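# Observations on the model geometry
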Amino acid sequence: MAEKENRGDSSQEDDQIVNPWEVSAKDGGKIDYDKLIDRFGCQRLDESFVCRVERLTSRPPHVFLRRGVFFAHRDFNEILDLYERGEKFYLYTGRGPSSEALHLGHLIPFMFTKYLQDAFRVPLVIQLTDDEKCMWKNLSVEESQRLARENAKDIIACGFDITRTFIFSDFDFVGGAFYKNMVRVGKCVTFNKVVGIFGFTSEDHIGKISFPPVQAVPSFPSSFPHLFAGNENLRCLIPCAIDQDPYFRMTRDVAPRIGYHKPALIESSFFPALQGETGKMSASDPNSAIYVTDSAKDIKNKVNKYAFSGGQDSIENHRKYGANLEVDIPIKYLGFFLEDDAELEHIRTEYGAGRMLTGEVKKRLIEVLTELVERHRKARAAVTDEMVDAFMTVRPLPQMFD
């Protein structure tokens, strides 16, 4: 059965546009994730999955899983079924290297993917789509390649196991078995189909229209004969933000037609801008996000000055009415990065009742983010060019399934 499509006109009907290049809601509103699940045709990730992951891995579920940051899936139940039978799978995620510095939103899929790799002890391929960003961001080939290597250092700093991880850039790796699979996929997707899925127009150059197979085929183990020779039936699980879903709806529609398994997906919501869920994190506005290059002083200034508060306009009113937690960005950021569930619940209760002030919540957030960014900065400083080369060298993975 064909995967449910996201056509350009349906985005307008739902008053929101969500695709790999644009995320927006009508009149600056919030993204309606229930509508998105319905339109995309994926499934809600409910509490039963969280409990099952905990049981199968014998470790606490990641904060992103237990708090619903990763909230939707396609066939994740099948991945857990095969793992419970003693079979393995592999992970695939990626990064479009369009900027030198990553912000915290960029780290989320990698933080979660590291947890999955550690918990299930499975191999991982990470695609750097330097070709995509060259075409969409009007970067030169050389600059796209440079940014890919810089971004690889931030990815490696997340702590991935080099004995189970292969990082590749499209400019360096595409060819051979990988390219053969691209051609197989490309032959199955008509121009009308790709326009319907991605909303391309007659003004888009043919590079954009021909790109989707490049992101599709890491879903197939035969694209990596140096890793998976003899394991061509291995299933693939893709952790990603839900704006990447169109690529993999296309992939899942094509896969059975060319004799491959459909990839499974586990999908996250979007990380909000400091100015609020209706704002956008933008490279052109450094105050819209916390970057991994920000100093402690930068973080304190950004949180105090720009993080949208749900607190009341006076202490008197705040004590009386409490904070609006639904719109409060410090609370939302703590939901992502404060590990202690009991502390988070305490802050939510006290702040929502007006017994805790906005300044106190922001102070705790500044502490959490400063520690996170400093830890990442130290890890990244230890990543050498030789380490990048080692992760990106075409090689077997010695402890792939131990």
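Everything below is about the structure shown above.
Here goes a summary of the coordinates provided. What you see is a predicted model, and the numbers here were worked out from it, not measured in a lab. (Residues numbered from 1 in each chain as written. Predicted model: local features only at pLDDT ≥ 70, side-chain atom pairs only at ≥ 80, totals over all residues. Heavy atoms only, no water.)

Before going further, it helps to spend a moment on the sheet that holds strand β8 (residues 235–241). Read from one edge to the other, the open sheet built from seven strands follows the order β3-β4-β9-β8-β5-β6-β7, with strand pairing classed as mixed. Each edge of the open sheet is held by one strand with a lone partner, namely β3 (43–44) and β7 (165–169). Judged from the four bridges that link them, strand β4 (residues 70–74) and strand β9 (residues 264–268) form a sheet pairing that is antiparallel. Residue pairing across strands places Arg74 opposite Leu265, the latter belonging to β9. Running over the sheet, helix α21 (residues 385–392) touches β6 (124–128) and β7 and is turned about 95° from β7. (Pairing = 2+ DSSP bridges. Helix = DSSP H or I, 4+ residues; strand = E, 2+ residues; numbered from the N terminus. Contact = heavy atoms within 4.5 Å. Axes fitted to C-alpha atoms, helices over the stretch in contact; angles between N-to-C directions.)

With that settled, consider the packing of helix α18 (residues 329–337) against helix α20 (residues 358–381). Working note: a packed helix pair is described by the angle between its axes plus the distance between those axes. Where α18 contacts α20, the two axes come as close as 10 Å, and the packing angle between them is 40°. In this structure, α18 meets α20 at a crossing whose hand is left-handed. Mapping the contact onto sequence places Pro330, Ile331, Tyr333, Leu334 and Phe337 in α18 and Val361, Lys362, Arg364, Leu365, Val368, Leu369 and Leu372 in α20. Here the residues of the contact of α18 with α20 are counted per class, giving ten nonpolar, no polar and two charged. (Left-handed = near helix turned anticlockwise from the far one by under 90°. Nonpolar A, V, L, I, M, F, W, Y, C, P; charged D, E, K, R; others polar.)

Once that is clear, we can look at the pairing of β4. Of all five residues making up β4, five are buried, and the element is well covered by its neighbours. Here β3 pairs with β4 via two bridges, running antiparallel. Looking across to β4, one finds that Gln43 is bridged to His73. (Buried < 20%, exposed > 50% of the residue type's maximum accessible area, 1.4 Å probe, protein only.)

On to the layout of surface pockets, then. Each pocket or cavity is described by its volume, and for the second largest pocket that value is around 570 Å³. Around the second largest pocket sit 25 residues that line it, and His62, Met111, Glu339, Leu372 and Arg375 are the ones nearest its centre. When contributions to the lining of the second largest pocket are tallied by element, the ones reaching two or more residues are α4 (63–66), α6 (104–120), α18 and α20. A total of seven residues in the lining of the second largest pocket trace back to one element, the largest contributor, which is α20. For the lining of the second largest pocket, the residue count by class is 14 nonpolar, two polar and nine charged. (1 Å grid on protein atoms, 1.4 Å probe; cavity = no way out; pocket = protein on both sides within 12 Å on 5 of 7 lines; lining within 4 Å. Points joined across faces, edges and corners; volume = space filled by probe spheres on them.)

Now for the environment of Asp130. Considering the arrangement of structural elements, one finds Asp130 in helix α7 (residues 130–136). Sequence spacing of Asp130 and Gly176 is 46 residues, and the spatial spacing of their C-alpha atoms is 18 Å. Among all residues touching Asp130, those that are not within four sequence positions of it are Pro97, Ser144, Gln145, Ala148, Ser169, Asp170 and Phe171. Only 3.2 Å separates the side chain of Asp130 from the backbone nitrogen of Asp170, close enough to count as a polar contact. (Polar contact = N/O pair within 3.5 Å; in protein donor to acceptor, adjacent residues only side chain to side chain.)

As enumerated under the stated definition, the model contains 32 salt bridges in all. A salt bridge links Asp81 to Arg52; its shortest N-O distance comes to 2.7 Å. With Asp81 in helix α5 (residues 76–84) and Arg52 in helix α3 (residues 47–57), the pair connects residues that are 29 residues apart, well separated along the chain. In this structure, the salt-bridge partner of Asp341 is Arg66, at a minimum N-O distance of 2.9 Å. (Salt bridge = Lys/Arg side-chain N within 4 Å of Asp/Glu carboxyl O.)

Counted according to the given criterion, the structure contains one cavity of 30 Å³ or more. Approximately 30 Å³ is the volume found for the largest cavity. Lining the largest cavity, in full, are Ser219, Phe220, Pro221, Leu234, Arg235, Cys236, His261, Lys262 and Pro263. Residues of the lining of the largest cavity, tallied by class, amount to five nonpolar, two polar and two charged.

So, on to helix α16 (residues 296–306). Here α16 has its buried residues at Ile299, Lys302 and Val303. The buried residues of α16 occupy an angular sector of 95° when projected down its axis, which confines them to one face. Exposed side chains of α16 directed beyond 90 degrees from the buried face belong to Lys297 and Lys305. Against α20 lie the buried residues of α16. (Arc of directions from axis to C-beta.)

Bringing the packing of aromatic side chains into the picture now. Scanning the entire structure with this criterion turns up 38 aromatic pairs. Ring geometry for Phe173 versus Phe224: centroids 5.8 Å apart, planes at 20°, classification stacked. Of the two residues, Phe173 is situated in helix α9 (residues 170–173) and Phe224 in the loop between α13 (212–216) and α14 (225–228); the sequence distance between them amounts to 51 residues. With centroids separated by 5.7 Å and ring planes inclined at 65°, the aromatic side chains of Phe271 and Phe337 adopt a geometry described as edge-to-face. Pair noted here: Phe271 is in the loop between β9 and α16 and Phe337 is in helix α18, with a separation of 66 residues, a long-range link. Given the relative accessible area of 10%, Phe337 is considered buried. One aromatic cluster is present, formed by Trp21, Tyr92, Trp136, Phe198, Phe200, Phe211, Tyr247 and Phe248 through successive ring pairs. The side chain of Arg249 reaches across the aromatic face of Phe40, ending 4.4 Å from its centre. (Phe/Tyr/Trp six-rings, centres within 6.5 Å; stacked < 30°, edge-to-face > 60°. Lys NZ or Arg CZ within 6 Å of the ring centre and 35° of its normal.)

With that settled, the discussion passes to the packing of α3 against α5. Contact pair α3 / α5: the axes reach a minimum separation of 11 Å and the direction vectors enclose 25°. Taken together, the axes of α3 and α5 lie roughly parallel to each other. Considering only the axes of α3 and α5, their crossing is left-handed. Of the residues in α5, those touching α3 at Phe49, Arg52, Val53, Arg55 and Leu56 are Phe76, Asn77, Leu80, Asp81, Tyr83 and Glu84. Of the residues contributing to the contact of α3 with α5, the split by class is six nonpolar, one polar and four charged. (Parallel < 35°, antiparallel > 145°, perpendicular 65-115°, else oblique.)

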